[in-house]
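These are the residues of each chain, in order.
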Amino acid sequence: MPSHTHPARGMRDFLPDDVRRRQYVIDIVRRTYERYGFEPLETPALENIETLTGKYGEEGNRLIFKVLRRGEHEASGETDLALRYDLTVPLARVVAEHRAQLPKFFKRYQIQPVWRADRPARGRFREFFQCDVDAIGSTSPVVEVEMIAAVSEVLQSLGFTGFDVQLNHRELLTAMLNAAGVCADRHTDALVSIDKLDKIGQDGVRAELVARGVGDAAAATCLQAFEDKPTFDRLVSQDERGKKAAENIAAIMALAEATPAKGHINFTPRLARGLSYYTGAIMEISVPDLAGSLGGGGRYDGLIGMFSGENIPACGFSLGLERILVVMTERQMFPADVQASGPDVLVTIFAADSRIESLRLAEDLRAAGFRVEMYPEADKLGKQFKYASARNAALVAILGSDEIVRGEVTIKNMKSGEQSSLPRTAVAEHLRGLRPDLGPRTDLGSRTSDLGSRTSDLDKQ
RNA sequence: GUGGGUGUAGCUCAAAGGUAGAGCACCGGACUGUGGCUCCGGACGCUGCGGGUUCGAGUCCCGUCAUCCACCCCA
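Residues numbered from 1 in each chain as written. Chains lettered and ligands numbered in written order. Predicted model: local features only at pLDDT ≥ 70, side-chain atom pairs only at ≥ 80, totals over all residues. Heavy atoms only, no water.

A few points about the protein's contact with RNA strand B
Lining the immediate environment of RNA strand B, one finds 43 residues, of which Arg 124, Val 192, Arg 323, Lys 383 and Met 414 sit closest. Taking all atoms of RNA strand B within 4 Å of the protein, the share assigned to sugar and phosphate is 43%. Between RNA strand B and Arg 119, the relevant distance is 2.8 Å, taken from a base oxygen to a side-chain nitrogen or oxygen of the residue. Here a sugar or linking oxygen of RNA strand B sits 2.8 Å away from a polar atom, N or O, in the main chain of Ser 293. Within the residue set of the surface near RNA strand B, elements represented by two or more residues are β6 (127-136), β10 (295-299), α13 (321-330), α16 (381-390) and α17 (401-406). Here the surface near RNA strand B takes 6 residues from α16, the largest share from any one element. Of the residues belonging to the surface near RNA strand B, the class tally is 10 nonpolar, 13 polar and 20 charged. (Near = heavy atom within 4 Å. Polar contact = N/O pair within 3.5 Å; in protein donor to acceptor, adjacent residues only side chain to side chain. Helix = DSSP H or I, 4+ residues; strand = E, 2+ residues; numbered from the N terminus. Nonpolar A, V, L, I, M, F, W, Y, C, P; charged D, E, K, R; others polar.)

Here's what the structure looks like:
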């Protein structure tokens, strides 16, 4: 027998209250994405390892969870499969594979877990959910704008007000670094350092740049560019691609004025983003009390071509579910009915010989759409009430010997303490009048039925 | 992967080398047809795990695992 019962490192069990909070967020994300015309996609947890390797940069490669080959190869440590690291690369594979069956401008959303062999930290896990939207087939800035708009609307619907969409462009950074005299093979390192300007300051970045092999003069020019907008513009406009990138960013920001993202977008020259497949606009969303980001994305016009040979433009954004949950939980942003869930009615059992009467009542109330829990044993009523209280039941139904003789049921409101007896046949109608907030919760059913089917399959294995 | 903190009852934490405790939660009773409040009682532990020092280790040392924080990186 195992000595401990913790889930594996960086993995979590979700108890009912956790699941309800997650589903509440996922539901809003999905409904918003749907309204923006995105369609659902699901892909397998496992991919062939060559599908994933070489897409995420050096650090990303290291963090891929690999699966040993089965059978005789197992002993050698050889690996042929890996757990997906994100939802973007699988999408690129799907587009390359099913191009003919997909619309010209394929817009999809995907809400599934991904895995990274990272070291767990606050808001960071080894298994976590991403909520991705991507649009395939167009280079128009309208694509970026809709992406940012959809994500902004999700956050607003969840109750976020102070979020910040940071926008930048890979080509802009490339042009700037070239003009500053940073040689091409130092670009990635330089960007990682520059990304830390807020955190470690100018001198810190300068030291890091030099340590990473960027010359003193080039480092100084870079830092000046981030300090002084005219310098930045001058450096960037020295080549054609830089100019076009600047125009692209300007277009995105102007068009976004017509969307829910209005007032939230900031051009952020220092934003770099780690994944290597980005080629154009890059973006990230952050809120004040979280060190990392709530999500990020960008344009990756070359990724699909790595699978199909044919370059198909694409752009996407990914929201991190657990990052959102961390902040929402801390700020208590969940509605009351999501925080405290319980049955509408708990039906008690007065004595063993009246069990069947209690069951009949429970079934009637269920048919009327209420969420009904049967207390399974004929314990004394005090215990049954105590349980109802602990379960957060709104109402308790009692069918004692007196009630059964009179053809009545006693209903007690657990919050107010009021209770009344009424004819057995009038119970459902009465309950509806008593607590109009109770009853059928259509959204709960659909939440569970069409989400995460793949994850539940995985759980069973 | 690097540096640091913390691991004791289900939970939050005491016990400063000498008999492992409290609060909350749990169970039972006061209250044999009514939860929350009160009172009384009960159960609760290989002190993360393995080694070492010592007459004696929850306490000191080494290792290991877990967890948290800061880096690194990221959603």
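Considerations on the packing of aromatic side chains
On inspection of all chains with the given rule, the structure shows 10 aromatic pairs. Centroid distance Tyr 33 to Tyr 109: 6.0 Å. Interplanar angle 55°. Geometry classified as tilted. With Tyr 33 in helix α1 (residues 16-35) and Tyr 109 in strand β5 (residues 106-115), the pair connects residues that are 76 residues apart, well separated along the chain. For Tyr 33, a relative accessible area of 0% puts it in the buried group. The interplanar angle of 70° and the centroid separation of 5.1 Å between the aromatic rings of Tyr 277 and Tyr 278 together place this pair among those described as edge-to-face. Residues Tyr 277 and Tyr 278 agree in their burial class; the two are buried. Joined through ring pairs, the aromatic side chains of Tyr 56, Tyr 85, Tyr 277, Tyr 278 and Tyr 300 make up one cluster. (Phe/Tyr/Trp six-rings, centres within 6.5 Å; stacked < 30°, edge-to-face > 60°. Buried < 20%, exposed > 50% of the residue type's maximum accessible area, 1.4 Å probe, protein only.)

A look at the domain arrangement of chain A
Each domain of chain A was delimited in the assignment, giving domain 1 (16-330) and domain 2 (342-459). Each of domain 1 and domain 2 has a C-alpha centre, and these two points are 48 Å apart. (Domains from an automatic or database assignment.)

Remarks on helix α15 (residues 355-367)
An ideal rise of 1.5 Å per residue puts 18 Å on 13 residues; α15 measures up with 18 Å between its terminal C-alpha atoms. Considered for burial, the residues of α15 that qualify are Ser 358, Leu 361, Ala 362 and Leu 365. For α15, the angular spread of the buried residues around the axis is 100°, confining them to a single face. The inward-facing, buried residues of α15 contact β12 (345-347), β13 (372-374), β14 (395-398), β15 (408-413) and α18 (427-434). Immediately beyond the C-terminal end of α15, within one or two residues, lies Gly 369, with a positive phi of roughly 100°. (Expected span 1.5 Å × (residues − 1). Arc of directions from axis to C-beta. Contact = heavy atoms within 4.5 Å.)

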